[in-house]
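Listed here are the chains, written in short residue letters.
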Amino acid sequence: MAKILISPSKYVQGAGEMKNLGKYAASYGSKALILISAGGHRRIGTLIEESFADSGCGISFEYFNGECSKTEINRLTALVQAKGFDLVIGVGGGKIFDTAKAVAYYAKSPVLICPTIASTDAPCSALSVIYTDDGVFEEYLFLPSNPNLVLMDTDIIAKSPVRLTVAGMGDALATYFEARACKRSQATSCAGGKTTEAAMALAKLCFDTLMEEGLKAKIALEAGACTEAVEKIIEANTLLSGIGFESAGLAGAHAIHNGLTVLEECHSMYHGEKVAFGTITQLVLENVPVEELEEVLDFCVSVGLPVTLKELGVEEVTDEKLLAVATAACAESDTLHNMPFEVTPQTVAAALKAADAYGRYYLAD
């Protein structure tokens, strides 16, 4: 099987770039549906409208219903087709991006992704994560192409809640370890081929950037400053992690995240927060050297990512809950089977229990 690397057609990152959205959009269509939350529209709707003023591209805002589900995708696809939109733009967070990408795919239109947060690596990918209307993971929708444009306005992102950017670090934390596992098992990546050395290099750069810049970026964001460390973390969370996970592959961490969605207690936690704990659990499954496990635990604690199930909202940890999470994570279609050894619900449940214990031990140390 061939090695394959895929990426968005264009990635733009910089302060004030949302002012140029209309200019960029006019290259792709003449009538754009902009998918956005009501809160997002209140904050930057006027800025977006002004960017389209002399662009030659008309726009219409549509509020997102809150879940990237088949119901929402079908509703919006019908709207695009009925109103004759020839471009879809997603503005906001991960579930909006995934919905916009799916709608553009079914409507056969270009799609532009404009994050107002840096909380996941979803913006760059040719992938939509589909949930039920109640927020339980359902399936991955693999798309034939990546977004036409990803636009990151770092002024806007730096003003978002710090917890969201930290959650993005949690999502990005998994990238290198899942890529490494996929390379060892010769798994097929989300791009449909084997891992390239370029993808592995980007995944490792992503991890190294988190270790070197993550805490600095968090402190700067808490002070309201968009520093070079913040810029590097935004790129790591979005571009490096996005290309790294997609072209190198997903393995244990994201499957365990998907398993955690069966616990209602975890629904209030962000994707990257659950992925961070999934990363610790994957490392336990792999029985990595203690130095590597401690490096990851130390990073998570320093930036405020959860290292225990209690921090994820699970007040009462039972064997039944752990087995339910592990069973869901081991679903035949999920990526836990990309690990370079056999996994079972029993071994994953044990790793979850041990990861939780390591986290509690580390917090008490």
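Residues numbered from 1 in each chain as written. Predicted model: local features only at pLDDT ≥ 70, side-chain atom pairs only at ≥ 80, totals over all residues. Heavy atoms only, no water.

This is how the line gets drawn: UniProt positions are given in the numbering used here, feature names are shortened, and annotations may be inferred rather than shown by experiment.
Per an unreviewed UniProt entry, the protein chain carries the name Glycerol dehydrogenase and comes from Candidatus Limivivens intestinipullorum. According to UniProt, the comment filed for the protein chain under the heading Sequence similarities (unreviewed entry) is "Belongs to the iron-containing alcohol dehydrogenase family."

**Brief notes about the UniProt feature "binding site: NAD(+)" (unreviewed entry) in the protein chain**
Keep this limit in mind: We count a stretch as a helix when DSSP gives it H or I for four or more residues in a row; a strand needs E for two or more, and each element gets its number in order from the N terminus. Exposed residues in this analysis have more than 50% of their type's maximum accessible area, buried residues have under 20%, and partly exposed residues fall in between, with area computed by a 1.4 Å probe over protein chains only. Any two residues whose heavy atoms approach within 4.5 Å are treated as being in contact.
Look at the UniProt record and you will see "binding site: NAD(+)" (unreviewed entry) annotated at Gly94, Lys95, Ile96, Phe97, Asp98, Thr116, Ile117, Ala118, Ser119, Ser125, Leu127 and Tyr131. Looking at where Thr116 falls in the secondary structure, it is placed in the loop between strand S5 (111-115) and strand S6 (127-131). Judged by its relative accessible area of 14%, Thr116 is buried. For Thr116, the residues in contact, after removing those within four places along its chain, are Ile44, Val91, Gly92, Ile156, Ile157 and Ser160. In this fold, Ile117 is placed in the loop between S5 and S6. With residues up to four places along the chain from it excluded, the contact list for Ile117 reads Gly92, Gly93, Met152, Ile157, Ser160 and Leu164.

**Some remarks on the UniProt feature "domain: Alcohol dehydrogenase iron-type/glycerol dehydrogenase GldA" (unreviewed entry) in the protein chain**
Listed under "domain: Alcohol dehydrogenase iron-type/glycerol dehydrogenase GldA" (unreviewed entry) in the UniProt record, and renumbered for this structure, are residues 8-154. In residues 8-154, the share of helix is 33% and the share of strand is 29%. The end C-alpha atoms are 18 Å apart.

**Considerations on the side chain of Ser128**
Defined as follows: Contacts described as polar in this section are N or O atom pairs within 3.5 Å, which, within protein, must combine one atom able to donate a hydrogen with one able to accept it, while residues neighboring in sequence count only if both atoms come from side chains.
For Ser128, the position within the fold is in strand S6. Side-chain polar atoms of Ser128 contact the backbone oxygen of Asp98, separated by 2.6 Å. Those residues in contact with Ser128, other than ones at most four positions away along the chain, are Asp98, Lys101, Ala102, Glu139, Tyr140, Leu141 and Leu143.

**Topic: the sheet that holds strand S2 (residues 31-36)**
Spelled out, the test is: Strand pairing is assigned whenever DSSP identifies at least 2 bridges connecting the two strands. For every element, the axis is a line fit to its C-alpha atoms; helices are fit only across the contacting stretch, and the angle between N-to-C directions ranges from 0 to 180 degrees.
Across the sheet, 6 strands lie side by side as S1-S8-S5-S4-S2-S3; this open sheet has parallel pairing. Of all the strands in the sheet, the pair left with one neighbour each is strand S1 (11-14) and strand S3 (58-63). Strand-to-strand twist in this sheet, taken as the mean axis angle between neighbours without regard to direction, amounts to 15°. By the bridge criterion, 6 bridges tie S2 to S3 in an arrangement that is parallel. Residue Ile36 lies in a different strand from S3, and its bridge partner there is Tyr63. Against the sheet, helix H2 (residues 38-51) engages S2, S3 and strand S4 (87-92), with an angle of about 170° to S3. Across the face of the sheet, helix H8 (residues 228-248) comes into contact with S1 and strand S8 (149-153) while running at roughly 155° to S1.

**Remarks on the environment of Val111**
In this structure, Val111 sits in strand S5. By relative accessible area, Val111 is classed as buried at 7%. The sequence separation of Val111 and Ile34 amounts to 77 residues, and the corresponding C-alpha distance is 10.0 Å. What Val111 contacts, discounting residues up to four positions off in sequence, is Leu87, Val88, Ala100, Lys101, Ala104, Pro147, Asn148 and Leu149.

**A few points about the pattern of salt bridges**
Pairs can form between side chains of opposite charge whenever their charged atoms are close. Operational definition: A carboxyl oxygen of Asp or Glu within 4 Å of a side-chain nitrogen of Lys or Arg is what we treat as a salt bridge.
This model, assessed by the stated rule, comprises 17 salt bridges. One salt bridge connects Lys204 with Asp208, and the closest N-O pair in it is separated by 2.9 Å. Within this pair, Lys204 and its partner Asp208 are both found in helix H7 (residues 197-222), separated by 4 residues, close to a single helical turn. Across the pair Lys353 and Asp319 runs a salt bridge whose closest N-O atoms are separated by 2.8 Å. Of the two residues, Lys353 is situated in helix H13 (residues 345-364) and Asp319 in helix H12 (residues 319-329); the sequence distance between them amounts to 34 residues. Among the charged side chains, a network of salt bridges with common partners joins Glu62, Glu72 and Arg75.

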